[in-house]
Amino acid sequence: MRIACPYCGERSLDEFLYSGDATVKRPDFASPTAANEFVSYTYERSNPPGMHRELWYHSAGCHAWLVVTRGIATHAITSVEVARDVALNEKPATKDSI
Amino acid sequence: MATPGQGSGTGSQPNRLETGGLVDRSRIVRFTFDGKTYTGHPGDTLASALIANGVSLTGRSFKYHRPRGILSAGSEEPNALVELREGARREPNTRATVAEVFDGLVARSQNRWPSLDFDVMAVNSLLSPIFVAGFYYKTFMWPSALWEKLYEPAIRRAAGLGRASDEADPDTYDKATAFADVLVIGGGTAGLAAALAAARTNARVILVDENATLGGRGVDDGADINGNPAHEWVRTVEAELSSAPNVRILRRTTAFGTYDGGTYGAVERVSDHLAVAAQGVPRQRLWRIVAKETVLASGATERPVVFGGNDRPGVMLAGAVRTYINRFGVLPGRRAVVFTNNDYGASTVAALKRAGAEVVALVDSRAQISDEVKRIASEAGARLLLGAVVTGTLGKKRVTGVTIHTRTGEEERLDCDLVAMSGGWNPNIQLTTHLGSKPTWNDKLLCFLPGTLPHGMSLAGAVAGDFTLGKTLVGGTSAGSAAVTAAGYAAVSVPVPKAADESDAVAPLWRVKSPNGKAFVDQQNDVTESDIELAEREGFRAVEHLKRYTTLGMATDQGRTANVNALAIMAEITGRTIPQTGITVARPPYTPVSLGTLAGHHREKHFKPTRLPPSYRWAKENGCVFVETGLWLRPSYFPRPGEKDWLETVKREVTTVRNAVGICDVSTLGKVDLQGADTAAFLDRIYMNGLKTLPIGKCRYGGMLREDGILMDDGTVARLGENHYFITTTTANAVKVVQHMEYCAQWLWPELDVQIVSATEQWAQYAVAGPKSRELLQKIVDPAFDITDAGFPYLGVGEITVCGGIKARLFRLSFSGERAYEIGVPARYGDALMRRLAEAGKEFGACAYGTEALGVMRIEKGHISGPELNGTTTPRDVGLGGMVSTKKDFIGHVLGKRPGLVDPERPALIGFRPLDRSQRLRSGAHFLKRDAQATAENDEGYMTSVAYSPSNGHWVGLGLLKRGPERIGEIVRAYDPVRGGDTLVEVVSPVFVDPEGVRVRG
Amino acid sequence: MSRAHYSIFSVLRESLRGHTGWGPAWREAEPKPDYDVVIVGGGGHGLATAFYLAKHHGPLRIAVLEKGWIGGGNVGRNTTIVRSNYLLPGNIPFYELSMQLWEGLEHELNYNAMVSQRGVLNLYHSDGQRDAFARRGNAMRLHGVDAELLDQAAVRKMVPFLNFENGRFPIHGGLLQRRGGTVRHDAVAWGYARAADRLGVDIIQNCEVKGFKREGDRIVGVETTRGYIGAKKVGMAVAGSSSRVAAMAGLRLPIESHVLQAFVSESIKPFIDGVVTFGAGHFYISQSDKGGLVFGGDLDGYNSYAQRGNLPVVEDVLEGGMALMPRIGRVRMLRHWGGIMDMSMDGSPIIDHTPVSGLYINAGWCYGGFKATPASGFCFAHLIAHDQPHAVAKAYRLDRFATGHAIDEKGMGPHPNLH
Amino acid sequence: MANQTLLATSAFLHWKPVKALNFTVEPRETLTMASFAAAKGKKDALAAAIRAAYGADLPKGSGRVEGNGIAFVWAGPDQWLAIAERKDGRDLESELKAALSGIASVVDQSDGRVVVRISGSDARAILAKGIPVDLDARAFKPGNVAITHASHIGVILWQIDDKPTYEVALFRSYVDSFAHWLLDSAAEYGV
Ligand SMILES: Cc1cc2nc3c(=O)[nH]c(=O)nc-3n(C[C@H](O)[C@H](O)[C@H](O)COP(=O)(O)OP(=O)(O)OC[C@H]3O[C@@H](n4cnc5c(N)ncnc54)[C@H](O)[C@@H]3O)c2cc1C
Ligand SMILES: NC(=O)c1ccc[n+]([C@@H]2O[C@H](COP(=O)([O-])OP(=O)(O)OC[C@H]3O[C@@H](n4cnc5c(N)ncnc54)[C@H](O)[C@@H]3O)[C@@H](O)[C@H]2O)c1
Ligand SMILES: Cc1cc2nc3c(=O)[nH]c(=O)nc-3n(C[C@H](O)[C@H](O)[C@H](O)COP(=O)(O)O)c2cc1C
Ligand SMILES: [Zn+2]
């Protein structure tokens, strides 16, 4: 498998570490149902047979976290995005400042 | 007409033709087989050289120990497996058909005793009525103890083919990555045509072929291209490709696997054709080839026919017979029967005739054949037996004749010493299926063709079902052009060479009904057609069941010559079609690959890189004993002359620290520099304890959790400036912590302004610990800096200079519980600083100490380390519960509160000492109540760390004990049956030295 | 003749008549309209469950539905190691029960699955690792399981062919479980299938479950590629397909699917007797009765439903191999393949009810479920029959992640690919 | 004892100099290096500051540029490694800190990483034995940078000229293992 890092170009699998589902979002710790939400966030996975959005880390390369969309049954990769950009786009603007 | 064995110089090779073949007749090489010396020529394979010398018995079969000879002329060979070379280079199961001969080659037959000619185990053949497929599942069950004692050892003694060497492989291997616009796999006529078309565009082309010479079957068949012998065309193309800078030809290189993303694994046998690899040259090389486009031109493998005694030496694939004649100039037999179901029989008849053999008969299972074939047979003086089949072979260790079942139902015997058989061709489609694609059956060509191709792959030649020479050239040229266009180059038109299209007509013939004797489907694994019938009877009808039950196709050849016949027979028995029956999954490698090649450089000592700390040299000079910590070699202890064991050394080191001063290289700790306006907020979300209030110029101990509330790492956090922090991690977790921080910064909280840089290697860092530590440091710290307790109190941090202006960082931290500092200097000065500290420390009685003493002192102080931070403990478990903030969000906050993690029954950290103070403690011992039985129900925890405490004069331990902190004073058992230990220990405070913490503050 | 007892006598008898008397090891059953219990998945666990249900909890009308051919999943592609050398109290009794069931398996099934207790040796390379193994060995001994801690000399004596002299990570010793060993993988599936069939279980191949039918909160049957099949209770034992099958019932599991590769070398004369695992790299090895070196290493590292591996892991595994035993350099790899692991979030299995009444789950076996096959079947059968977990499997709850009772042998936390 | 200065220890103590016909390896010992990363929202300001100070345009993606007596090597998203000769006590950490105050974080790397220069017509073939990046002249040119690994050792690699000459930066502690691999790989080329 080869992953096209948006920064480094296409590299072999052994430069990357897989790190799970990119669709689960870390819940708010102050939510009244935080306990359940964190369990679901941390442990439960759809693990679908089709396309999967998942996190990879370019560990032996540029250290960027990436969101890779990949067919789980085919290993075919359809997109590789910079995780930081994805996260910033998905975050509500109000949360941008702390 | 060439005649065997009469020419000069080949007199000792009775079956060498006088002319012909591509071997180098000007040179002679000597080799031995089973101790006997023979000669051959460069360019010979072991098989061709054995044939030249009239050797036809080359091995014994796996199960029945039947005599076996050479079936093929290629990598599909199931029978002629030998042990090659000797001693440390002994190499089992090498196919004689691909091993090139060289001067001094030593080969041995295998799986026989005492000799190939007389093999005692051949009695198995007599027992073959019992040893049918799957017999052992039904037997050897009673009495059960005998399985391990008797049956299995007996089975194992019989198991295996060749012997692995008893010594480490002395040869070297390496690996390389190559990138291609177009990769062409197979250097037959199709592959050469494809490579040429692609190469002329200037695209980067890699051509691999598993053989030493290019040309493939076109050369083997002695065909003509553009009106000249095929090998001349091959030579011209090869010359052009060799001189093109954009082309790399890898000969003796097998593409063994197709992997995701256009990656192919290939193995180049760089030196296998030599007696010993040249200095510095590897034996073999693993190529990872990354190709934009790939043309697979892997050709086809001929199928045997399943008939009685079809495994007898002298029965050979017809194509192989042609190869031996045309490529090697040897004649595998003088009186031949050709047995086939396709028009290619004619070319075998012709080749044999041309080589001077007598062709006794052409036996063709088809009732009708073309006039052209008939003409060739009659020209060769061969009897034509149409609609007839060979049912059995005569002879013992070599065919002496065959029995024929004629069209009219008669039995006939023919004398012969060679049976050239062909049941049709199977395209070598394996590389198209490695990514899961299913092949499709072709009813006209009677073979499986590739199904959906892997991304970027196209086909050329016989693998695509283009079985005729003319078509391979047309198909190869156009596949090469198409591939190179797809790779982004403008194709150049290349003239297609001309060759005749011989007929590829074929009719089904998988097995001969009512065979005379055992009819083998998988020759290496001794699977017969009756085994297939048995499997069917017992319900193992799915092809994959058939395979596993009979072991069909599971031998070293992976059933290259067996699988299709087998499933066709299964289809016939079950009344299904071949596509309904299906084919078993092919897996990499295409042909077996040496394990050493896959490891390359990374073996033995060089399995993983070794990381050396900055003062490694000093430590070495001072007799240090090192210990592997991850990839690092860390100083473990520094024995001095006269010390009788490590314990004595460590005691001395500890005592020195506690009473004077010691120096320890702690450079391997992970160090991370964090800067940015939001760093404080960022760290606050990563550490379980509050860090926002940490003043500039101060450090604090911190702990990080995983999101599940379990401790991940601990270390110190130093604030160097308003927005500048410097943290340390444990050596083991340095990489993991950086990865985690990047995850948090890039994915969880990308809005924060924080920059994370690993600085582990920038700083050589030394712990200087002991009551005299400040005095020692005073001697190297430049006078401008105040390191008095007032100016530089406990937990202070400062950027200073030492030794006249060398920049340094000083931390007042203590793992040992003594007054202590950590001092960091740029790594290049590490070794010199260590020397200087040792030198300057002499007057205080200083010594260097290593991880052992470090461990002792942290245990004496009740500090946690790796054994407590084992991925299953919570802060509370290890006595850090008080540190956990309840006010802020941080990773692990929410899940850390789950009932299972705050259960008061969870074992918690506490100290232990032996009741009998002279006794030794061992970590890994489990705790039981004093009077409790040693059962699982009574298990109350375990000892995590122990040390001999010089300060206490006895062993001390830390451990996780149920409600530990509540049980101080209780006596429990430390039960250690795996080391024969069972010690009464007292539950005590985990702090064994200076419980008030006075000394650390000075 | 399909009910023939297997023995040396029946084999001898058959050998006199060309083995024409053997019948199918199991019937090719056609699906009936409904069953008391339907087991989804004809792997080791599903077949064992059916067998123990029939044997201990009958009479019941039971079917095993297999989407392909039985034994084609992980039971047919694993490295065949069986052992009960676990660390945590949630695991040891369960795996020990399994070990004991292996020990009597041939007679229970009348099928020789070649349970071979040739020992499992885990090497250690540091003092820390030694102590961790001591802790484990002691835990085993407390549970009545055999464990021995060997020093270097003892390891040398036992497996002299390892690289003691020139290693990157020195071999200091090993933890040995003599009762551990290997079992002929395919024979486990076939043996259970045959034995279950003899007790009346319908084994239905080429029958893929495509959906669950519910009435209210209760399961009433399954939709399959061979039509609807009614069932009072449904047990799923589909290993690598667990998430997919559970999703049909609307469940999200604490599981990710990952590829694990396995390797076999060409057949060579036996020289490795037991199972050896390299503690400083990802490599473990044994030798099959046929002579092939059977070995493996780490997961490929990413989730997948494609039963194949990638090249970097092949290299990584062999680097471990050549670090540990450089004399195999000239032995050749014959084949490598992949299997889909149902990697749970703590690396331990799940045998439990689901929120859907009548639907039971057996999953999360990671790369250690082969050794569990007998106990898994035994306990799953117990659960399905009694609606109560079996005593040795009571820690394998689905809600353990919510309650904080994860059973994390490796201490890797919620990272399925690291277990 | 006078508080004399400390002498630096070479990271290349165990190296033997390599000079073959078509392959040379030369440690570069006299460098000062610092990494710097743009503060949030300061990328443009950073680029401007570097341009002003050194007359160089920071490479946005992977690449290496040279300024006045300094080279900037891309070292990851929004991160660069500045490299210069360490003559006359030059110290890039303090120099850059002064130039980039408030717009980038600067970290000294002069000791954490070491740089090896590898040159000659056999270099590509030798590096291909451990570096899984396409170094063919068509794919990788002077000024190109790759962060990758060489035989399990993390490296930043860039090309200097068409000879070709490359430089490889790696963490200091790996130097001996790196050398072992490199020389092992070069042996086939008579090195
Ligand atoms: C390479 C490798 C090495 C391993 N090594 C070991 C080892 O050494 N020791 C060990 O203990 N364990 C090992 N394991 C793990 C072990 O093989 C598995 O945990 C165990 O086999 C899983 O249980 P099973 O046999 O029931 O699974 P499987 O055999 O996978 O059975 C599940 C069955 O369910 C079927 N199925 C799936 N979906 C459906 C559906 N919708 N309808 C009908 N049927 C369906 C599948 O086709 C499959 O046959 C290894 C696994 C692999 C892949
Ligand atoms: N008429 C028939 O029935 C018939 C049938 C089959 C073949 N043929 C003849 O066979 C030839 C087919 O030409 P072609 O070029 O397609 O095939 P080929 O057999 O001539 O060449 C294929 C080459 O690929 C090599 N190869 C195969 N797999 C490889 C791998 N994985 N890695 C490296 N090398 C590999 C083989 O060693 C061989 O040299 C023609 O000469 C044709 O006449 C005829
Ligand atoms: C323990 C074990 C031993 C094996 N031995 C062999 C063998 O000797 N020859 C062989 O071809 N395959 C062998 N295999 C691999 C199977 O052929 C097959 O690859 C594996 O069961 C996975 O199935 P698949 O490749 O059809 O998907 C073995 C598999 C296992 C689990
Ligand atoms: Zn990258």
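Conventions used here
Residues numbered from 1 in each chain as written. Chains lettered and ligands numbered in written order. Predicted model: local features only at pLDDT ≥ 70, side-chain atom pairs only at ≥ 80, totals over all residues. Heavy atoms only, no water. Helix = DSSP H or I, 4+ residues; strand = E, 2+ residues; numbered from the N terminus. Buried < 20%, exposed > 50% of the residue type's maximum accessible area, 1.4 Å probe, protein only. Contact = heavy atoms within 4.5 Å. Areas by Shrake-Rupley, 256 points an atom, 1.4 Å probe, with all protein chains shown as cover. Buried area = accessible area lost by both parts, 1.4 Å probe. Salt bridge = Lys/Arg side-chain N within 4 Å of Asp/Glu carboxyl O. Polar contact = N/O pair within 3.5 Å; in protein donor to acceptor, adjacent residues only side chain to side chain. Nonpolar A, V, L, I, M, F, W, Y, C, P; charged D, E, K, R; others polar. Pairing = 2+ DSSP bridges. Donors = N, O, S within 2.8 Å, 3.2 Å for Na, K, Ca; no water. Tetrahedral: all angles 85-135°; square planar, octahedral: opposite > 155°, others 65-115°. Axes fitted to C-alpha atoms, helices over the stretch in contact; angles between N-to-C directions. pLDDT = per-residue confidence, 0-100. Parallel < 35°, antiparallel > 145°, perpendicular 65-115°, else oblique. Left-handed = near helix turned anticlockwise from the far one by under 90°.

## As for the overall build of chain B
From N to C terminus, chain B includes 26 helices and 50 strands. If one aligns the C-alpha atoms of chain B with their principal axes, the spans along those axes are about 115 × 70 × 55 Å. The proportion of buried residues among the 1002 residues of chain B is 67%. Relative to all contacts within chain B whose residues are 6 or more apart in sequence, the contacts with residues 24 or more apart total 66%. When the accessible surface of chain B is split by element, carbon and sulfur atoms take 53% of a total near 32,600 Å².

## Quick word on the interface of chain C and chain B
When the parts come together, some accessible area is lost, and that loss is often what is quoted as the size of the interface. Listed by partner, the interface residues are 107 residues for chain C and 118 residues for chain B. Taken together, both faces of the contact between chain C and chain B bury some 9,600 Å²; the carbon and sulfur share is 55%. Contact with chain B buries area across many residues of chain C, yet Leu142(C), Arg168(C) and Arg330(C) alone supply 11% of it, more than any other trio. Between Arg332(C) and Glu91(B) there is a salt bridge, and its shortest N-O distance comes to 2.9 Å. Between the two partners, chain C and chain B, sit 72 residue pairs in polar contact (both at pLDDT 80 or more). Elements with a contribution of two residues or more to the side of chain C that touches chain B: α1 (8–15), α4 (105–109), α5 (127–142), α7 (185–198), β12 (255–267), α9 (311–324), β16 (332–344) and α11 (400–403) of chain C. Here the side of chain C that touches chain B takes ten residues from α5(C), the largest share from any one element. A breakdown of the residues in the side of chain C that touches chain B according to their chemical character gives 44 nonpolar, 36 polar and 27 charged. Two strands pair when backbone bridges link them, and strand β31 (residues 593–594) of chain B and β16(C) are joined in this way by two bridges, in the antiparallel orientation. Considered in β16(C), the bridge of Ser594(B) is made with Arg332(C).

## Overview of the interface of chain C and chain A
Each side of the interface is counted separately: chain C has 23 residues, and chain A has 26 residues. When chain C packs against chain A, close to 2,100 Å² is buried across both sides, 53% of that on carbon and sulfur atoms. On the surface where chain C and chain A come into contact, there are zero salt bridges. Only α8 (242–248), β12, β15 (292–303) and α11 of chain C provide two or more residues apiece to the side of chain C that touches chain A. In terms of residue count, the dominant contributor to the side of chain C that touches chain A is β12(C) (four residues).

## Comments concerning the coordination of the zinc ion (ligand 4)
All names here are of chain A. Of the protein atoms, only Cys-5 (SG), Cys-8 (SG), His-58 (ND1) and Cys-62 (SG) coordinate the zinc ion (ligand 4), at distances of 2.0 to 2.4 Å. Coordination at the zinc ion (ligand 4) is tetrahedral: its four donor atoms span angles of 102 to 117° at the metal. Between consecutive donor residues of the zinc ion (ligand 4), the sequence gaps follow C-x2-C-x49-H-x3-C. One end of the pair, Cys-8, is in the loop between β1 (2–5) and β2 (9–12); the other, His-58, is in the loop between β4 (51–57) and β5 (65–71), with 50 residues separating them in the sequence.

## Notes on the sheet that holds β5(A)
All names here are of chain A. One open sheet holds the four strands; their spatial order is β3-β4-β5-β6, and the pairing between them is antiparallel. Only two strands of the sheet have a single neighbouring strand rather than two, namely β3 (17–21) and β6 (77–82). Recorded for the sheet is a direction-independent mean angle of 30° between the axes of neighbouring strands. The pairing of β3 with β4 spans three bridges and is classified as antiparallel. Within the sheet, the bridge partner assigned to Asp-21 lies in β4 and is Glu-54. Strands in contact with helix α2 (residues 83–90) are β4, β5 and β6; relative to β6, the strand with the most contacts, it is inclined by about 75°.

## Here's the deal with the environment of Glu775(B)
Residues and elements named next belong to chain B. By the element assignment, Glu-775 lies in helix α22 (residues 773–778). A relative accessible area of 38% means that Glu-775 is categorised as partly exposed. Taking the C-alpha atoms as reference points, Glu-775 and Ala-519, separated by 256 residues in sequence, lie 91 Å from one another.

## As for the pattern of salt bridges
In this structure the tally under the stated criterion is 133 salt bridges over all chains. One salt bridge in this structure joins Asp166(B) and Arg327(C), with 3.7 Å as the shortest N-O distance. With Asp166(B) in the loop between α4 (145–158) and β8 (173–185) and Arg327(C) in the loop between α9 and β16, this pair bridges two chains. Residue classification places Arg327(C) among the buried residues on the basis of a relative accessible area of 12%. With a closest N to O distance of 2.4 Å, Glu643(B) and Arg652(B) form a salt bridge. A single burial state applies to Glu643(B) and to Arg652(B), both of which are buried.

## Things to note about the confidence of the model for chain C
In the predicted model, chain C carries a mean pLDDT of 96, and the fraction of residues at 70 or more is 99%. Among the scores for the predicted complex, ipTM is 0.97 and pTM is 0.97.

## A short note on the packing of helix α2 (residues 44–57) of chain C against α7(C)
Residues and elements named next belong to chain C. Across the interface, α2 lies against α7 with an axial gap of 9 Å and an inter-helix angle of 30°. By the criterion of interaxial angle, the relationship of α2 to α7 is roughly parallel. Crossing hand, α2 versus α7: left-handed. Two secondary-structure elements touch here, α2 through Leu-47, Ala-48, Phe-51 and Tyr-52 and α7 through Ala-189, Tyr-192, Ala-193, Ala-195 and Ala-196. Here the residues of the contact of α2 with α7 are counted per class, giving nine nonpolar, no polar and no charged.

## Regarding helix α8 (residues 318–326) of chain B
With nine of nine residues buried, α8(B) is to be regarded as a mostly interior element. Of the residues making up α8(B), those classed as buried are Ala318(B), Gly319(B), Ala320(B), Val321(B), Arg322(B), Thr323(B), Tyr324(B), Ile325(B) and Asn326(B).

## Some words on the packing of α2(C) against helix α10 (residues 373–386) of chain C
Residues and elements named next belong to chain C. Contact pair α2 / α10: the axes reach a minimum separation of 7 Å and the direction vectors enclose 55°. Overall, the two elements α2 and α10 adopt an arrangement that is oblique. α2 and α10 meet at a crossing whose hand is right-handed. On α10, the residues touching Gly-44, His-45, Ala-48, Thr-49, Tyr-52, Leu-53, His-56 and His-57 of α2 are Thr-373, Pro-374, Ser-376, Gly-377, Phe-378, Phe-380, Ala-381, His-382, Ile-384, Ala-385 and His-386. In the contact of α2 with α10, the residues fall into nine nonpolar, ten polar and no charged.

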